[in-house]
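# Descriptive structure summary
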Amino acid sequence: MSVLVLVLAVSAACCLGFGFVLQQNAAQKAPLGDFLSPRLLLDLVRVPRWLGGIGLMVAGMVLGAIALGEGEVSLVEPLLATNLLFALALSRHQTKQPLGRQGWAGLALLAGGVTAFIVAGEPRGGSAVTDPLRHWLIIGVMIGLALLLTTYAKRSRLSAGPVLLALAAGLLYGVQDALTRVSGQRFAEGGFAELMTGWQPYAVLALGVTGLVLVQSAFETAPLRMSLPALTAAQPLAGIICGVGFLGDRLRTDTGALAWEAAGLAAVVAGIVLLGLHPAMPRGVVPQERVPSLQPQ
């Protein structure tokens, strides 16, 4: 694994983790009437803390895009999942909660799972699949699942809704990461003209905006501990599926390696859940306390 990819991916995870906490701090005070509406973004854009969180998220996405240009999606995605560690660190600073057994166990599972998956799988590049049907099939399944989850979230927006929205956003962000890598390859091959003649950069933008609305709606209606674990778990899984499915990423496939890869991913998800449910994560506010509109803070 390239040291540059490691530094870029972990730096991106740091920016994303800090950014998510700041975004949720602001979004939890948004009016519930903005749920799943672009008006939510227009309301939040007046809040300095939210803008700071978005700035950090954009920085994280840029660093992540550079890392994806230097390394395989199957390598970068598990490293990006460590954003939850940085989110927990900032949340602990805000809430003064000790890490405790749950925090240490989640940290060990997440870090150990990422290490096990990378060491066992040895992600490496290969030839991208040229069959467009396979591209659209995998992307269509991911977007279809996200649409289905969003539909169910509308029916239960104050119970399971935030988790479903976060899962949907994670799937979209995973696809976005894969298409970001494709866009980077097109730019490297033919410059700006080659990049803008393809559909991928426009899809990256559309997925980013849609995912942002879903994430902010999840942050608006529930504590961070309900939404961030689902988002953090879904994104690398979707990215790895896209990487192996049509980008040509290769993993070791012997029995022992597959077992360790599966165990590593399971440990990552378990660690994400433990950290996401940690008492240090912001609890948010109850819906009855919402004000009709946001005030800058």
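Details of the structure are given in the entry above.
Our subject in this report is the structure included herewith. Since the model is a prediction, treat every value here as computed from it, not as a measurement.

### Here we look at the overall build of the chain
Across its full length, the chain holds eleven helices and zero strands. Element order for the chain, N to C, with α for helix and β for strand: α-α-α-α-α-α-α-α-α-α-α. For a compact globule of 297 residues, the expected C-alpha radius of gyration is about 19 Å, and the chain comes in at 19 Å, within 12% of that figure. Dimensions of the chain along its principal axes, counting C-alpha atoms only, are 55 × 45 × 35 Å. Taken across its 297 residues, the chain has 53% of its residues classed as buried. In the chain, of all internal contacts separated by at least 6 residues, the share reaching a separation of at least 24 is 88%. Carbon together with sulfur atoms contributes 69% to the accessible area of the chain, which is approximately 12,900 Å² in total. Positive and negative side-chain charges of the chain, numbering 19 and 15 respectively, have mean locations separated by a distance of 13 Å.

### Examining the packing of helix α1 (residues 3–27) against helix α10 (residues 224–246)
Across the interface, α1 lies against α10 with an axial gap of 11 Å and an inter-helix angle of 145°. For the element pair α1 and α10, the recorded crossing hand is right-handed. Contacts from Phe-20, Val-21 and Gln-24 of α1 reach α10 at Leu-224, Leu-228 and Leu-231. Looking at the contact of α1 with α10 residue by residue, the class counts come to five nonpolar, one polar and no charged.

### Section: the nonpolar core
Within the largest apolar cluster, 77 residues are counted, with the highest numbers of intra-cluster contacts made by Leu-231 and Phe-246. With twelve residues, helix α8 (residues 161–196) is the largest single contributor of residues to this core. Those residues in contact with Leu-231 that lie beyond four places of it in its chain are Phe-20, Ala-166, Ala-169, Gly-170, Tyr-173 and Val-215.

### With respect to empty space enclosed by the protein
In this approach the atoms are scanned with a rolling probe the size of a water molecule, which exposes any empty space left behind. All told, the structure shown has two cavities of 30 Å³ or more when counted by the stated rule. The volume enclosed by the largest cavity comes to roughly 50 Å³. Of all the secondary-structure elements, those providing two or more residues to the lining of the largest cavity are α10 and α11 (255–276). Residues of the lining of the largest cavity, tallied by class, amount to seven nonpolar, no polar and no charged. Computed from the structure, the second largest cavity encloses a volume of approximately 40 Å³. If you trace the second largest cavity, you find it lined by Glu-77, Leu-80, Ala-81, Asn-83, Thr-232, Gln-235 and Pro-236. Secondary-structure elements contributing two or more residues to the lining of the second largest cavity are α4 (73–80) and α10. Class assignment for the residues of the lining of the second largest cavity results in three nonpolar, three polar and one charged.

Reading guide: rules and limits
Residues numbered from 1 in each chain as written. Predicted model: local features only at pLDDT ≥ 70, side-chain atom pairs only at ≥ 80, totals over all residues. Heavy atoms only, no water. Helix = DSSP H or I, 4+ residues; strand = E, 2+ residues; numbered from the N terminus. Rg over C-alpha atoms; globule rule 2.2 N^0.38 Å. Buried < 20%, exposed > 50% of the residue type's maximum accessible area, 1.4 Å probe, protein only. Contact = heavy atoms within 4.5 Å. Areas by Shrake-Rupley, 256 points an atom, 1.4 Å probe, with all protein chains shown as cover. Lys, Arg positive; Asp, Glu negative; His and termini not counted. Charge placed at Lys NZ, Arg CZ, Asp CG, Glu CD. Axes fitted to C-alpha atoms, helices over the stretch in contact; angles between N-to-C directions. Left-handed = near helix turned anticlockwise from the far one by under 90°. Nonpolar A, V, L, I, M, F, W, Y, C, P; charged D, E, K, R; others polar. Core = buried A, V, L, I, M, F, W, Y, C linked by side-chain atoms within 4.5 Å. 1 Å grid on protein atoms, 1.4 Å probe; cavity = no way out; pocket = protein on both sides within 12 Å on 5 of 7 lines; lining within 4 Å. Points joined across faces, edges and corners; volume = space filled by probe spheres on them.

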